[in-house]
Amino acid sequence: MGSEDVLKNATTLASYSVLLQVMFRVLTFFMNAFTLRFVSKELIGVVNVRLMLLYSTLVFLSREAFRRACLSEDTVGRTWRQVINLLWLTLPLGCLWGFVLVCVWWWVLQAPDSQIVPHYVPAVVIFCLAALTELLAEPLWVLAQAHMLIRLKVVSESLAMIAKCLVTVTLVVSVPQWGLYIFSAAQCVYAGFLVLCYIAYFLHFLGSEEAKRKSFPLEQMSELLPSRKRLFHKLATLTWSFFKQSLLKQILTEVNNLGSMVPRFLFLPIEESFYVFFAKVLKRGQDIRHQKQEEVFIAANVLECLLKLVLLIGLIITVFGYSYSYLALDIYGGELLSSGTGPTLLRWYSFYVLLLAVNGITECFVFAAMSKEEVDRYNLVMLALSASFLLISYWLTCLFGSVGFILANCCNMALRSLHSFVYIHRYFHHSDHNPLSGLCPHLALMITLTISSILTAFSEYLCFDSGWFLRLAHVAVGAVCLLSVIIVVLLTETRLVQFIRTQLLPKYSKKQT
């Protein structure tokens, strides 16, 4: 598969993944609103925070390192049977992590009141089993990602989510007294449905004419099972390096799980999809002068455009988030959220999203290009960042309260981004490419954003808590400013616009014609 085809598939996967995440968020929002009529808000809180954190932590720690290592294209001499053998290790690793995390959730974390939230202890075990069930699909997921089987991911996750929602709604209406058992059963249905979708697809796909056209390396379902082939040593050691990194990342991302909504449904799908692109186009750990220059050129251009895209999204969120944080919180939760430090926290979080977006794309590229030795060295950097984050968090929280915690996250994300900038600069040092120029917006755009920031801030000052008519006027000012920013982007950021048109829009325009 040529680099242009890989890019096309990666952009398609990214756009569909964003749409999927939006759909999931909308479904979850309406499902929570519906279930609150039948169960307590405390029970919903335990599910969405405590149990889903257990689920996401278990699957992340069990599979993230394997995904990053096995999607790389530079491991010469490996076979897919060896890769599959390695991927099956996610299951015993998941069992080990499951035992540790269940013990933590039982005896370290404070259990909720059994009168308000019954069945907590068995629910923890069931959520753990659901996570282990999802790990059964890991070899199939990696095969699908590596060979860009985009429809499989989209359809399977959509059907699994719909099945989960149907089971939740049905049980909540019919047997609300089951409490956490309802959501445990729904999560098991989600995981089981996901695995069944992947199995059903590969039963149909393997040995078919489509598989032969794509030169798919496997022909029978039995080849997807563990075999006696030895593990590929280079791939195993790379996985171990990424495993140590994933452990540190989990500490920095889940313990201080700040506002996961925007990063997860918008930026995370882009990062995951283009990690596959960079991992397939670039040779891990190899000097840029010894790689195919056409693929280096494409990778540099894509990185530049992605940096520009997430930078502009982040700048827009920062600029308009400052002036509309109070209004958004007041509409969503009334005086309970809009009074006190709520708007200030959201304003600083808007800036944090900007740093998070840029860091996500730079690390996406860096992790796809680093050699095993470079990953090991970066793990030491992450260890130092983890220690500094704890110290800075304590210091800034003492000085500024809850705002200081967000500032500590901003400092941590800025330091991680700085390390990635240095790596990218060195990586392209012996070439004519400079993808970091994507971090330099056009002067006219920066002026427009600055004017928009001033106008919306002045508008908020005039319309602050002054009735709905003036609030609507404040919204209208923001809409005009946002439209102006978009127009300036279309006129000045022509390379980015061309990238979006050629890579993201053709599939939609074809459907319309």
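See above for the structure.
Residue numbers run consecutively from 1 along every chain, following the written order of its sequence. At least 70 in pLDDT is required for a residue's local features to be given in this predicted model, at least 80 for side-chain atom pairs to be given and counted, and no such filter applies to totals for whole chains, interfaces and linings, which use all residues. The side-chain quantities take in all heavy atoms of the structure and omit both hydrogens and water.

As a further point, take the nonpolar core. Definition of nonpolar core: a set of buried residues of the types Ala, Val, Leu, Ile, Met, Phe, Trp, Tyr and Cys, connected through side-chain atoms within 4.5 Å. In this scheme, a residue with accessible area under 20% of its type's maximum is buried, one over 50% is exposed, and one in between is partly exposed, where area comes from a 1.4 Å probe on protein chains only. Phe202, Phe274, Phe277, Phe278 and Phe365 are the most contacted members of the largest nonpolar core, which totals 142 residues. The numbering of helices and of strands both runs from the N terminus, where a helix is a DSSP run of H or I of at least 4 residues and a strand a run of E of at least 2. Take this core: its biggest share by element is 18 residues, from helix H12 (residues 293–333). Counting contributing residues per domain, this core is built from domain 1 (38–254) and domain 2 (436–504), each supplying no fewer than three. Not counting residues within four places of it along the chain, the set of residues in contact with Phe274 comprises Leu7, Ala10, Thr11, Ala14, Val302, Leu306, Cys364 and Phe499. Grouped together as the second largest cluster of nonpolar side chains are eight residues, Phe24, Met31, Ile150 and Met161 included. Throughout, the edges of the domains are those of an automatic or database domain assignment. The criterion used for residue contact is that any of the two residues' heavy atoms lie within 4.5 Å.

Turning next to the packing of helix H17 (residues 443–463) against helix H18 (residues 468–492). Here an angle of 0 to 180 degrees is reported between the N-to-C directions of two axes, which are lines fitted to C-alpha atoms, with helices fitted over the stretch in contact. Two elements in contact, H17 and H18, have axes separated by 9 Å at closest approach and are oriented at 180 degrees. As the angle between them shows, H17 and H18 are arranged roughly antiparallel. For the pair H17 and H18, contact is made by Ala444, Leu445, Thr448, Leu449, Ser452, Leu455, Thr456, Ser459, Glu460, Leu462 and Cys463 and by Leu470, Arg471, His474, Val477, Gly478, Cys481, Ser484, Val485, Val488, Val489 and Thr492, respectively. Here the term charged refers only to Asp, Glu, Lys and Arg, the term nonpolar to Ala, Val, Leu, Ile, Met, Phe, Trp, Tyr, Cys and Pro, and the term polar to all other amino acids, Gly among them. Partitioning the contact of H17 with H18 into residue classes produces twelve nonpolar, eight polar and two charged. These descriptions rest on fixed angle ranges, namely under 35 degrees for roughly parallel, over 145 for roughly antiparallel, 65 to 115 for roughly perpendicular, and the rest for oblique.

What follows is about the pattern of salt bridges. Think of a salt bridge as a Lys or Arg side-chain nitrogen and an Asp or Glu carboxyl oxygen that are within 4 Å of each other. This structure, assessed with the given rule, holds 13 salt bridges. A salt bridge links Arg151 to Glu210; the shortest N-O distance between them is 3.8 Å. Of this pair, Arg151 sits in helix H7 (residues 150–174) while Glu210 is found in helix H9 (residues 209–213), placing the two residues 59 residues apart along the sequence. Owing to a relative accessible area of 22%, Glu210 belongs among the partly exposed residues under this scheme. Across the pair Lys212 and Glu209 runs a salt bridge whose closest N-O atoms are separated by 4.0 Å. Placement of the pair is Lys212 and Glu209 together in helix H9, with a separation of three residues, close to one helical turn. For the pair shown, Lys212 and Glu209 are each scored as exposed. Because the salt bridges share partners, they merge into one network encompassing Lys244, Lys372 and Asp376.

A few words now on the packing of aromatic side chains. Pairing of aromatic side chains here covers Phe, Tyr and the six-membered ring of Trp, requires ring centres within 6.5 Å, and sorts the geometry by plane angle: under 30 degrees stacked, over 60 edge-to-face, intermediate tilted. Counted according to the given criterion, the structure contains 19 aromatic pairs. Arranged with centres 5.2 Å apart and planes meeting at 85 degrees, the rings of Phe278 and Phe365 form a pair that is edge-to-face. With Phe278 in helix H11 (residues 261–281) and Phe365 in helix H14 (residues 342–369), this residue pair connects regions lying 87 residues apart in the sequence. For the pair Phe278 and Phe365, a shared accessibility class is recorded, and that class is buried. Here the aromatic rings of Tyr427 and Phe428 are separated by 5.1 Å at their centres, their planes lie at 75 degrees, and the arrangement is edge-to-face. For Phe428, a relative accessible area of 3% translates into the label buried. Three or more aromatic residues link up through ring pairs in this structure, and these residues are Phe274, Phe277, Phe278, Phe365, Tyr423, Tyr427 and Phe428. A cation over a ring is seen here: Arg68 above Tyr275, with NZ or CZ 4.8 Å from the ring centre. For a ring to carry a charge above it, either NZ of a lysine or CZ of an arginine must fall within 6 Å of the ring centroid while also lying within 35 degrees of the normal to the ring plane.

These results come straight from atomic positions and should not be treated as a statement about function.
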